[in-house]
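Remarks on the overall topology
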Amino acid sequence: MFRLLISLAVLIVLLGVIGVGLFARVNALLDVYMETQGEKQAETLAEITERQFASELTTLHVIAGGVVQPGNDNTGSLSNIQKVDTSGAIGLLKIDGECLFGERQSAVDFPCIVEAIHGNSSISFCPGKGLMFCVPALRSENVLYVVYRLYPEDVLVERFGIVSYGGEGRTRIVDLNDSVIVGSLPKNSGEMLIYDEPEIVQGYEELNRMLYTAGNAAVFKPSKIGDVMLYAAEIGGTGFHLTGYVPKRVVMQGVQYIGMMVLMVFLFLVAAVFFGGFLLTGLERRMRESDKLKEAARIAEKSNSAKSEFLANMSHEIRTPINAILGMNEMILRESREEKTLSYARNVESAGNNLLSIVNDILDFSKIESGKMEIVTAPYRFSSVLNDVSNMINFRAREKKLAFKVEAQKTMPDNLMGDEVRIRQVITNILNNAVKYTNEGSVTLRVRAEDVTTDRLTLFVEVEDTGIGIRKEDREKLFKKFERVDLKQNNTIEGTGLGLAITSNLLTLMNGTVSVQSEYGKGSVFTIRIPQGVGGEDTLGDFRMRFERSTDRVTEHSENFHAPDAHILVVDDTRMNLVVIEGLLKRTLVQVETAPGGEEALAMAKENAYDLILLDQRMPGMDGTEVLKRMKSMEEGRNASTPVICLTADAVTGARERYLQEGFTDYLSKPVDTKALERTLMKYLPPEKIDSLT
Ligand code: ATP
Ligand code: MG
């Protein structure tokens, strides 16, 4: 940062120096340009004077022409002219110097007389006497007389004075000895002329030197009245010079801001370059950042998918042994009569179930996080969801001696469209928490439909408990993953802190909402709302009554049927699982055959016709789906229409549809729930082979 500031300061100083240099350079160039202009102006002024002088001489030539006319009375005609033209004294001299008209003049004062005697027109100035124009009067190329006109000094300014630069310039005519012939015009009263200032004198000397090589010259010099431009030019055919000066501000009018403007343009360009630079670096930085972000996103995606894959595999690996443990345990529970063993086995069952639900939660959460959780909309019966969750929670509530009540709106539609599995999961999570975090009192489940139209409604589910409640400051943390609040109270209660995070994520995916009201120490109310489709006209009816009636009967575990004639095949690569299933079905008297892999299963299916096949999905070599396909396409297939039930620990939830699509008749999730297994058998075994016991 410090280095950046230093380099910025250096850059600014550098640019400042360049700017000032540029400004000076532009001004110097402007001076040179204006000096050239001054030279031209001086030349023009000199030409004007030259023409004026020439016209004086021409007039004299005309007069001289008249004088030499034969028989002309010289003096008479000259005095006539003099009367009309009084601006200068006219004179007529003989070539021996004798004066015929006007005043006699000395050729020493005015060398132009000598020149005229030699036949040349010329002009001379004699300080104190004036300016004389002389022409020869010729007859047949012989000089007879000299005609002159003498302008005394006091009329010279008026007659030949030069107005320059609109009256702002001061211009005069001088001879080679620097004697002033014609003074400056206009001369304002009290005006201080600057010709005597040393700088100016020196300036004119410079100009004089320049006049040796050029007809005109100009230069800027400082003076008491400010900077001035001095200029000088030769007046052709006279040997006189025109010299003058004009304030710099006058010549610079209109151009004095050019330097400033160039400076401004320079500053503007610098600013533009700075601005552009900033923009570019910003752009570059953003591009670099976005590249980094993309790279980070790619890495995150990669690691996320690796994580998901790992978890999916783990799920299988963990669920398979749990299956075995729970299955064997179930057999202990059924067969043992020893109270101590039974109590151990019950503990194993509860811990196993807990472990299973944790694995399920983690798997679900990893799916949500990797964006792989999909909401599958399909028709379902809400009564079935309500029934299952109520039964399950009722069982748990009873274990904790809590009352469980259901209040369900009788008129709410029963045929809904949505993701049944996820709806079940969300309601179960909230209900489980209510039971978990309530030590005495009751848990109440309320359901109703809101905003009902012909094809849509909002499913309203409310769970109220009389439990420990949640502090206000803890409420925001509730829905964060792995957050468990109020650990002082909860430290004996098991949980991962994922339940509500999954719930709220699932609700978001389903466009639903969840809210909490709670009074610490008194209880909590969780309210969820989920938009669902309506797919039929049936209503829920009096669920409360149905539920209460069913819970009156004590439902204890017992086999409901015997099927000694039924013949089934169980296929699983884990021998333990085969033992478990055999054990579970022992009391139903079903004849169970087992196969440890796909090849064996196919061989057995070729020989025997089974009433039902339980087929594990994940097996090394040939998986369940492959076995199913081959079995169904066997020639003279004995099991072409045998129901095949998929048996797998593979997916937590939502896999059912996939397996049904692949051709399985139904699906049983591992660890196999005894009741579900028995229900499935009763459903798919030929009815004539079942002896119902109830
Ligand atoms: P699990 O992942 O097994 O569900 P958990 O129940 O601890 O673990 P969440 O369901 O996410 O996790 O709940 C988070 C925390 O919110 C709980 O630890 C508990 O402190 C608090 N909580 C949730 N429901 C209630 C409730 N009905 N009454 C009081 N506290 C609750
Ligand atoms: Mg929970």
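All values derive from a computational prediction rather than experimental measurement.

Regarding helix α16 (residues 624–632), the residues found buried are G624, T625, V627, L628 and M631. Seen along its axis, α16 keeps its buried residues to an arc of 160°; they face one direction. For α16, the elements touching its buried residues are α15 (598–607), β22 (612–616) and β23 (644–648).

So, on to the sheet that holds β23. With parallel pairing, the five strands of this open sheet are ordered in space as β21-β20-β22-β23-β24. Here the strands that pair on one side only, and so sit at the sheet edges, are β21 (591–595) and β24 (666–669). When the angles between neighbouring strand axes are averaged without regard to direction, this sheet yields 20°. Relative to β21, strand β20 (residues 567–571) runs parallel, the two sharing five bridges. Paired with L569 across the strands is E593, a residue of β21.

This part takes up the packing of α15 against α16. Geometrically, a packed helix pair is captured by the angle between its two axes and the distance between the axes. With their axes 10 Å apart at the nearest point, α15 and α16 run at an angle of 20° to one another. On the basis of their axis angle, the class for α15 and α16 is roughly parallel. The two elements α15 and α16 meet at a crossing, and its hand is right-handed. Between α15 and α16, the residues in contact are G598, A601, L602 and A605 and V627, R630 and M631, respectively.

For the chain, the mean per-residue pLDDT works out to 85, and 95% of the residues sit at or above 70. Ranking the elements of the chain by mean pLDDT puts helix α11 (residues 487–490) last, at 69, and strand β16 (residues 456–465) first, at 97. Scored below 50 in pLDDT, residues 553–557 shows four contacts in the model against residues more than four places distant or in partner chains.

Below, the discussion takes up the nonpolar core. Residues F382, F404, I427, L431 and L445 are the most contacted members of the largest nonpolar core, which totals 49 residues. If we ignore the near neighbours within four places in the chain, the residues touching F404 are S390, I393, N394, A397, L431, V443, L445 and F547. Core analysis: the second largest hydrophobic core is formed by 45 residues, V68, F101, F133 and Y231 among them.

Tallied over the entire structure, the rule returns zero disulfides. There is no disulfide at C126, and the cysteine sulfur nearest it, in C112, is 10 Å away. Under the relative-accessibility criterion, C126 is labelled buried at 9%. The thiol of C134 is unpaired, and the distance to the nearest cysteine sulfur, on C112, comes to 3.4 Å. With relative accessibility at 0%, the residue C134 sits in the buried group.

Before going further, it helps to spend a moment on the packing of helix α9 (residues 382–399) against helix α10 (residues 420–436). Their axes nearest at 10 Å, the elements α9 and α10 cross at an angle of 25°. Looking at the two axes, α9 sits roughly parallel to α10. In the packing of α9 onto α10, the handedness of the crossing is right-handed. From α9, F382, S384, V385, D388, V389, M392, I393, R396 and A397 reach across to α10, where they touch E420, R424, I427, T428, L431, N432 and V435. Residue classes in the contact of α9 with α10 are distributed as nine nonpolar, three polar and four charged.

Moving on, we get to the side chain of S518. Structurally, the position occupied by S518 is in strand β17 (residues 513–519). Within the local environment of S518, its side chain forms a polar contact with the side chain of S524, the two groups lying 3.1 Å apart. What S518 contacts, discounting residues up to four positions off in sequence, is G469, I470, R475, G523 and S524.

On to the layout of surface pockets, then. Taken as a whole, the second largest pocket spans an internal volume of roughly 280 Å³. Taken together, L4, S7, L8, L11, L15, F266, L269, V270, V273, F274, F278 and T281 make up the full set of residues lining the second largest pocket. For the lining of the second largest pocket, the secondary structure elements donating two or more residues are α1 (2–67) and α7 (258–335). For the lining of the second largest pocket, the element with the highest residue contribution is α7, accounting for seven residues. Partitioned by chemical class, the residues of the lining of the second largest pocket number 10 nonpolar, two polar and no charged.

What counts, and at which threshold
Every residue gets a number counted from 1 within its own chain, in the order that chain's sequence is written. Throughout, the order in which chains and ligands are written sets their labels, letters from A for the former and numbers from 1 for the latter. Confidence filtering applies because this is a predicted model: local features only for residues at pLDDT of at least 70, side-chain atom pairs given and counted only at 80 or more, and all residues used for totals across whole chains, interfaces and linings. Side-chain metrics rest on all non-hydrogen atoms present in the structure, leaving aside hydrogens and water. Three exposure classes are used, based on accessible area relative to the maximum for each residue type with a 1.4 Å probe and protein chains only: buried under 20%, partly exposed in between, and exposed over 50%. A run of DSSP states H or I qualifies as a helix once it reaches four residues; a run of E qualifies as a strand once it reaches two. Both are numbered from the N-terminal end. Regarding the arc, it is the one traced by the directions from the helix axis to the C-beta atoms. Pairs of residues are marked as contacts when any of their non-hydrogen atoms sit within 4.5 Å. Should DSSP find at least two bridges between two strands, the strands are regarded as paired. Comment: axis = line fitted to C-alpha atoms, over the contacting stretch for helices; angle = value between 0 and 180 degrees taken between N-to-C directions. Note that the term roughly parallel is reserved for angles under 35 degrees, roughly antiparallel for angles over 145, roughly perpendicular for angles of 65 to 115, and oblique for everything else. Note: crossing handedness is left-handed where the near helix turns anticlockwise from the far helix by less than a right angle, and right-handed where it turns clockwise. Every residue gets a pLDDT, meaning the predictor's confidence in that residue, from 0 to 100. The set of buried Ala, Val, Leu, Ile, Met, Phe, Trp, Tyr and Cys residues whose side-chain atoms join them within 4.5 Å is what this entry labels a nonpolar core. We call a pair of cysteine sulfur atoms a disulfide whenever their separation is within 2.5 Å. Polar here means any residue other than Ala, Val, Leu, Ile, Met, Phe, Trp, Tyr, Cys and Pro, which are nonpolar, and Asp, Glu, Lys and Arg, which are charged; Gly is therefore polar. Definition of a polar contact: a pair of N or O atoms within 3.5 Å, with one able to donate and the other able to accept a hydrogen when the atoms are protein atoms, and with sequence-neighbouring residues admitted only if both atoms are side-chain atoms. Of the two site types, the cavity is a set of points on a 1 Å grid over the protein atoms alone where a 1.4 Å probe fits but cannot get out, and the pocket is an open set with protein on both sides within 12 Å along at least five of seven lines, each lined by residues with an atom within 4 Å of a point. Grid points are joined across faces, edges and corners, and a volume is the space filled by probe spheres set on the points.

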